[in-house]
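Now for the letters of each chain:
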Amino acid sequence: MTFSPQHDQMDCGPACLAMVASCHGKIYGLSYLREYSFISREGVSLLGISEAAQRIGMETLTGKLTPDMLAEKDTPLPAILHWNQNHFVVLCKVQKRLFTGKTYFKIADPAHGLITLSQERFEKNWISDDGEGVALFLQPTDNFYNQDPPKENNASLRYLFSYLIPYKRSLISMLLLLLLGSGISLIFPFLTQNLIDKGVNGKDLNFITLILLAQLGLYFGSLMMELLRNWIMMIVGTKINIQIISDFLKKLLKLPIKFFDTKLMGDFNQRISDHDRIESFLTSQSLLTFFSMITFMVFFGVLWYYNPQLLFVYLGLSVVAVLWSLFWLKKRKILDYFRFQMRSENQESIYEMMSGVTEMKLNQFEEYKRNEWEKIQHKIFKINIRILKLNQVQLSGFELLNQLKNILVTFLAASLVIKEQMTLGALLSVSYIIGQMNSPINQLMSFFRSLQDARLSLARLNEIQHHKEEEESSLKDKILMGSPSDNLDFQLSGVDFQYEGPSSPFVLKNIYLHIPQGKVTAIVGASGSGKTTLMKLLLKFYEPVNGHIFLGDAPLNEVSHLWLRRNSGVVLQDGFIFGDTIERNIVCGDEHIDEEKLQQALHIANIQSFIASLPLGLNTKIGSSGNGLSGGQRQRILIARAVYKNPQFLFLDEATSALDAENEKVIHNNLQSFFTGKTVVIIAHRLSTVKNADQIIVLRDGQIVESGTHNELVATKMNYYNLVKNQLELGT
């Protein structure tokens, strides 16, 4: 079985499935399995793993078993186990120890590695309150063996080195400085030999003084070149790092909104931190290793000149030391995934505590959350201990072999001096050469570690860079040039939608709906009836599972996302307030602010008096996420933002739910004239907001159960009537 560590916190299910598939000879990438596991922000379900397994040609069977049933000989393994009620692991093997008779379970945990557990510890993690645990058994079919796993697009190192191209001149300067430094270091062994053989043995103090001054001058020149090289490296490295992160964010912001539903803030933060390792590899490790190897080859030739026998002894033990270090890199790779995941979890925990500090204090949640954070720190500590142990074994073995090599070569050189086959000056030169050759070998090992770090970071970056963009190039030529005379009605025909795969419940079912251009359509229904989901389908946040949506004569999936959102004003229930000025929160990315439109937006949102009361007015800085504002003030800013765009389409999801009656009435009246000629979709519970709509759509359990005007629906005394009968306008 090929062990597959999880990349993100939600990847345990796909990672387990990848390991099971590898047992049967197929290697699937996490990106492919993740797509068909229907991961949500809460994680992956057993149902989602089953769906992905069936997709790759496996039969699945889920059952609740006791540990004794799981340990029976005919139990098909490997199997995926639901672990600690919030995680998934692979059970690889169950075995009894020959002498003790105790049962042990071999587990592949994508978050911790390969572990062996006693029956007591296994039961503690697997069994639920009813004394049984959940297991998913998978059996490959002929279809499984007939399928070829899709090849994943892996970003190559060539892609990384493309970042160096704009800095060719700076890099050439660094290369020249490194080359000069290597040339200077070549002179030192010959100066040392002459110092001893001609200066000391010849008792020539003037010659000794001359040699030492030459060494001092060369050392000073080498030092100045190193300072200049480091300065260039810092400038180039910083610019490259900015460019890498900028490209990452640019690509990230082009991904569909659905992508962000499965990711946590910590995962993104840790990926951005990962870029430091790529920058280090590009700007320092690669160049230094390249010239370290040149230095090594130079001294290789010098040592050959002094004594080939010493060279072969040195090379033989160096190869052994390098192979020893390379042997541990595979284990280091797996531990790096674990550390990435734990650091991501740590950042997510801190972000949650800082964002939710008010609710934590109100509900006495601080101690629990702090303890949860401490548990994460203990996990990070354990992983760091494992990494430290591995590094100590790797480095200690490498250093031991290095010292053995140095001592052996020095012993052989000293033997040659005693036998008068080498001068004392040559012995000191050989010692200097060995010291200089050790540095490139150490640098080579640093390069291998840095290369591995860069590859791992690149693999995580690759998940973003090769993800399908929201705005495909094929859509950019299909942007609608909508004008008031165009047919821009929304038409939904047999639309179904599910969030979590074919076996999950339908959020919307068999929706047939016509939303006419220039009219107001209200959508009402109980919480969870699918109102917001329907609006998000119209905004192209998601694609319907079945059925079609048209905008005019064009299928909505052929309409540009950019065009649709540029011509849409949207107020969502969870609308976001940016940490910027009030003015910038309203005009957003508009560089040339239209003062007339801005004042109209402030008037319609009835926010002018609030802004006038602030010392800095529109230039008042708002805290991130709207900290310092009331719910009503936030909503009025969001309404002003939507109105400022003066869009063709207006989508309002509970846009006035946080407003008091007086403000709601004023804004409602202001909006009526603004609605003229616009296609408006309103989601609301309050009767005052929807009663003037041209048509009202009533949703229940994801289906349309009624439609009509306010008066028509009240007259029928059915679903709509029951929704609003307790509100003031209708009475009983």
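What counts and what doesn't
- Each chain carries its own residue numbering, running from 1 in the written order of its sequence.
- Totals for whole chains, interfaces and linings use every residue, but because this is a predicted model, local features are given only for residues with pLDDT of at least 70 and side-chain atom pairs only at 80 or more, for both listing and counting.
- Side-chain numbers come from the whole structure's heavy atoms, not from hydrogens or water.
- Here, a strand pair is defined by DSSP locating no fewer than two bridges between the strands.
- A run of DSSP states H or I qualifies as a helix once it reaches four residues; a run of E qualifies as a strand once it reaches two. Both are numbered from the N-terminal end.
- Every axis corresponds to a line fitted to the C-alpha atoms, with the helix fit spanning only the stretch in contact, and the corresponding angles, defined between N-to-C directions, vary from 0 to 180 degrees.
- Contacts are assigned to residue pairs that have any heavy atoms within 4.5 Å of one another.
- For every residue, the accessible area (1.4 Å probe, protein chains only) is compared with the maximum for its type, and the residue is labelled buried under 20%, exposed over 50%, or partly exposed between those bounds.
- A patch is a set of surface residues, each over 30% in relative accessible area and not in a salt bridge, joined within 9 Å for like charges and within 5 Å for the nonpolar side chains Val, Leu, Ile, Met, Phe, Trp and Tyr.
- Here the accessible surface of atoms and residues is derived via Shrake-Rupley with a 1.4 Å probe, and residues count as covered only by protein chains that are part of the display.
- The rule for a salt bridge is simple: a side-chain nitrogen of Lys or Arg has to be within 4 Å of a carboxyl oxygen of Asp or Glu.
- Any N or O atom pair separated by 3.5 Å or less is treated as a polar contact, with the protein-specific requirement of one donor-capable and one acceptor-capable atom, and with residues adjacent in sequence counted only for side-chain atom pairs.
- Throughout, the edges of the domains are those of an automatic or database domain assignment.
- Viewed with both strands pointing away, a crossover whose connecting path from the first strand over the helix to the second turns clockwise is right-handed.
- For classification, angles of less than 35 degrees are called roughly parallel, those exceeding 145 degrees roughly antiparallel, those between 65 and 115 degrees roughly perpendicular, and all remaining angles oblique.
- Crossings are sorted by hand: turned counterclockwise from the far helix by less than a right angle, the near helix makes the crossing left-handed, and turned clockwise it makes it right-handed.
- Only Asp, Glu, Lys and Arg are considered charged, only Ala, Val, Leu, Ile, Met, Phe, Trp, Tyr, Cys and Pro nonpolar, and every remaining residue, Gly among them, polar.
- pLDDT gives the predictor's per-residue confidence on a scale running from 0 to 100.
- The set of buried Ala, Val, Leu, Ile, Met, Phe, Trp, Tyr and Cys residues whose side-chain atoms join them within 4.5 Å is what this entry labels a nonpolar core.

**Student:** Help me understand the sheet that holds strand S6 (residues 133-140), please; the structure alone is not making it clear to me.
**Tutor:** With antiparallel pairing, six strands are arranged side by side in an open sheet as S1-S6-S2-S3-S4-S5. Each end of this open sheet is capped by a strand with a single partner; those strands are strand S1 (58-65) and strand S5 (113-118). Direction aside, neighbouring strands of the sheet carry axes that sit 30° apart on average. Direction of pairing for S1 relative to S6: antiparallel, over a ladder of eight bridges. Paired with Leu-61 across the bridge in S6 is Phe-137. Relative to the sheet, helix H1 (residues 12-23) contacts S1, strand S2 (79-83), strand S3 (87-96), strand S4 (103-109) and S6, its axis offset from that of S3 by approximately 40°. The sheet strands contacting helix H5 (residues 119-126) are S1, S2, S3, S4, S5 and S6, and the helix crosses S5 at an angle near 110°.

**Student:** Just to check I follow, could you spell out unusual backbone geometry for this structure?
**Tutor:** Comment: phi is negative for the bulk of residues other than glycine, and the bulk of peptide bonds are trans. For the bond running from Leu-77 to Pro-78, omega is 5°, close enough to zero to count as cis. Residue position: Pro-78 is located in the loop between helix H4 (67-70) and S2. Positive phi, close to 65°, is recorded for Lys-540, a residue that is not glycine. Relative to the assigned elements, Lys-540 resides in the loop between helix H17 (531-538) and strand S10 (546-551). The class of Lys-540 is buried, set by a relative accessible area of 4%.

**Student:** Would you explain the environment of Pro-76 in this entry?
**Tutor:** Tracing the chain through its elements places Pro-76 in the loop between H4 and S2. In this structure the C-alpha to C-alpha distance between Pro-76 and Ile-240, which are 164 residues apart in sequence, comes to 51 Å. Excluding residues that lie within four positions of it along the chain, Pro-76 makes contacts with Phe-137 and Gln-139.

**Student:** Looking at this structure, I do not really get a nonpolar patch on the surface. What am I missing?
**Tutor:** On the surface, Tyr-219, Phe-220, Leu-223, Met-224 and Leu-227 cluster together into a nonpolar patch covering about 530 Å² of accessible area. For Phe-220, the position within the fold is in helix H9 (residues 205-252).

**Student:** How should the environment of Tyr-512 be read in this particular structure?
**Tutor:** Position of Tyr-512 relative to the elements: it lies in strand S8 (residues 508-515). C-alpha of Tyr-512 to C-alpha of His-548: the two residues are 36 residues apart in sequence and 9.5 Å apart in space.

**Student:** Help me out: how do you make sense of the side chain of Ser-560 in this one?
**Tutor:** Looking at the element boundaries, Ser-560 is found in the loop between strand S11 (554-555) and helix H18 (561-566). Taking relative accessible area as the criterion, Ser-560 reaches 0% and is therefore assigned buried. Within polar-contact distance, the side chain of Ser-560 engages the backbone nitrogen of Leu-562 at 3.1 Å.

**Student:** Is there a simple way to explain the side chain of Asn-663 in this structure?
**Tutor:** As for its position among the elements, Asn-663 is in helix H23 (residues 661-674). Given a relative accessible area of 14%, Asn-663 falls into the buried group. Reaching out from Asn-663, the side chain makes a polar contact with the side chain of Asp-660 at a distance of 2.9 Å.

**Student:** I tried to follow the sheet that holds strand S16 (residues 703-708) on my own but got confused; where do I start?
**Tutor:** Within a sheet, adjacent strands bond to each other through the backbone by hydrogen bonds, running parallel or antiparallel. The six strands lie next to each other as S12-S13-S14-S9-S15-S16, forming an open sheet whose pairing is mixed. Taken across any chain shown, the strands that pair with only one partner, and hence form the sheet edges, are strand S12 (568-571) and S16. Within this sheet the neighbouring strands show an average axis-to-axis angle of 15°, counted without direction. Bridge count between strand S13 (residues 649-653) and strand S14 (residues 679-683): five bridges; the pairing is parallel. Residue pairing in the sheet places Asp-653 in a bridge with Ile-683 of S14.

**Student:** Can you walk me through the domain arrangement of the protein in this structure?
**Tutor:** A common measure of how large an interface is: the accessible area buried when the components associate. Per the domain assignment, the segments making up the protein are domain 1 (11-146), domain 2 (155-306), domain 3 (308-421) and domain 4 (518-527 + 564-730). Averaged C-alpha coordinates put domain 3 and domain 4 at centres separated by 55 Å.

**Student:** Please clarify how the pairing of S13 should be interpreted in this entry.
**Tutor:** The element S13 is largely enclosed, with a buried count of five among its five residues. Alternating positions in S13 separate into two faces, Phe-649, Phe-651 and Asp-653 on one and Leu-650 and Leu-652 on the other, with burial throughout. In the sheet, S12 pairs with S13 via four bridges, with the strands oriented parallel. By the bridge assignment, Val-570 is partnered in S13 with Phe-651. Crossover handedness for the path S13 to H23 to S14: right-handed.

**Student:** Can you walk me through the packing of helix H20 (residues 595-604) against helix H22 (residues 631-644) in this structure?
**Tutor:** The geometry of a pair of packed helices is captured by two quantities: the angle between their axes and the separation between those axes. Put simply, H20 and H22 touch, their axes get as near as 8 Å, and they point 140° apart. Put simply, H20 runs oblique to H22. Read as a crossing pair, H20 and H22 show a hand that is right-handed. Each of Lys-597, Leu-598, Ala-601 and Ile-604 in H20 lies in contact with H22, whose residues at this interface are Ala-640, Val-643 and Tyr-644. Looking at side-chain class alone, the contact of H20 with H22 contains six nonpolar, no polar and one charged residues.

**Student:** Hey, could you run me through the confidence of the model for the protein in this one?
**Tutor:** Reading predicted coordinates in detail is not appropriate for stretches of low pLDDT. Averaged over all residues, the pLDDT of the protein equals 81, while 90% of them reach at least 70. The model gives residues 481-485 a pLDDT under 50, and that stretch makes eight contacts with residues more than four places away or in other chains. Note on residues 728-732: pLDDT under 50 across the span, and 12 contacts to partners over four residues away in sequence or across chains.

**Student:** Is there a simple way to explain H17 in this structure?
**Tutor:** Three or four residues apart is the spacing at which side chains of an α-helix point the same way, because the helix has 3.6 residues per turn. Summarising burial for H17: seven of the eight residues are buried, a large majority. For H17, every residue scored as buried is listed here: Lys-531, Thr-533, Leu-534, Met-535, Lys-536, Leu-537 and Leu-538. Lys-540, located one to two residues past H17, shows a positive phi value of around 65°.

**Student:** Looking at this structure, how should I read the nonpolar core?
**Tutor:** Within soluble globular proteins, side chains that are nonpolar tend to cluster in buried spots. Ile-582, Ile-586, Ile-637, Leu-652, Leu-671, Phe-675 and Tyr-720 are the most contacted members of the largest nonpolar core, which totals 47 residues. Non-local contacts of Ile-582, meaning those with residues more than four positions away in its chain, are made with Phe-610, Ile-611, Leu-614, Gly-617, Leu-618, Thr-620, Ile-622 and Ile-637. Membership of the second largest hydrophobic core comes to 39 residues, among which are Cys-16, Leu-17, Leu-46 and Ile-49.

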